[in-house]
Amino acid sequence: QVQLVESGGGLVQAGGSLTLSCAASGSDLSLRAIGWYRQVSGQQRELVAYITYGRTDFYSDFAKGRFAISRNNADNTVRLQMNSLRPEDTGAYFCLVCSAYRCTASGEGHWGLGTQVTVSS
């Protein structure tokens, strides 16, 4: 059983920053990647970034250079630092403990409930 607690969403002006946190607990977390996904209005849920247990990170193109994902294996916490936010980044952001050592675009694993990010212009 995996439990996820997400925090850090909110309202920010364009160009601002937010940090999302995901605290995971439960069994079998070792060797599993943890990722952040988002669902923006009218679109399917998409991968933002993920990080492996060995701290190798991966970013979708829209996140490269603006977002940074980090992981603390001691307490199974993953953070997503988001900088230079744009109005089109507005949406619900979800943490996922992925089923394997990496995360897939479609996202398989244990989902959190999500946290809302709103970027005003």
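Before reading on, note that the structure itself is shown above.
Procedures and definitions
Residues numbered from 1 in each chain as written. Predicted model: local features only at pLDDT ≥ 70, side-chain atom pairs only at ≥ 80, totals over all residues. Heavy atoms only, no water. Salt bridge = Lys/Arg side-chain N within 4 Å of Asp/Glu carboxyl O. Helix = DSSP H or I, 4+ residues; strand = E, 2+ residues; numbered from the N terminus. Buried < 20%, exposed > 50% of the residue type's maximum accessible area, 1.4 Å probe, protein only.

### As for the pattern of salt bridges
At step 1: Tallied over the full model, the rule gives 4 salt bridges.
At step 2: A salt bridge links Asp-89 to Arg-38; the shortest N-O distance between them is 2.8 Å. One end of the pair, Asp-89, is in the loop between β8 (77-82) and β9 (91-98); the other, Arg-38, is in strand β4 (residues 34-39), and 51 residues separate them in sequence. Here Asp-89 matches Arg-38 in class, with each residue buried.
At step 3: The shortest N-O distance in the salt bridge between Asp-61 and Lys-64 comes to 3.2 Å.
At step 4: Through salt bridges that share partners, Arg-38, Glu-46, Arg-66 and Asp-89 make up one connected network.

This is a description of form; function is not addressed.
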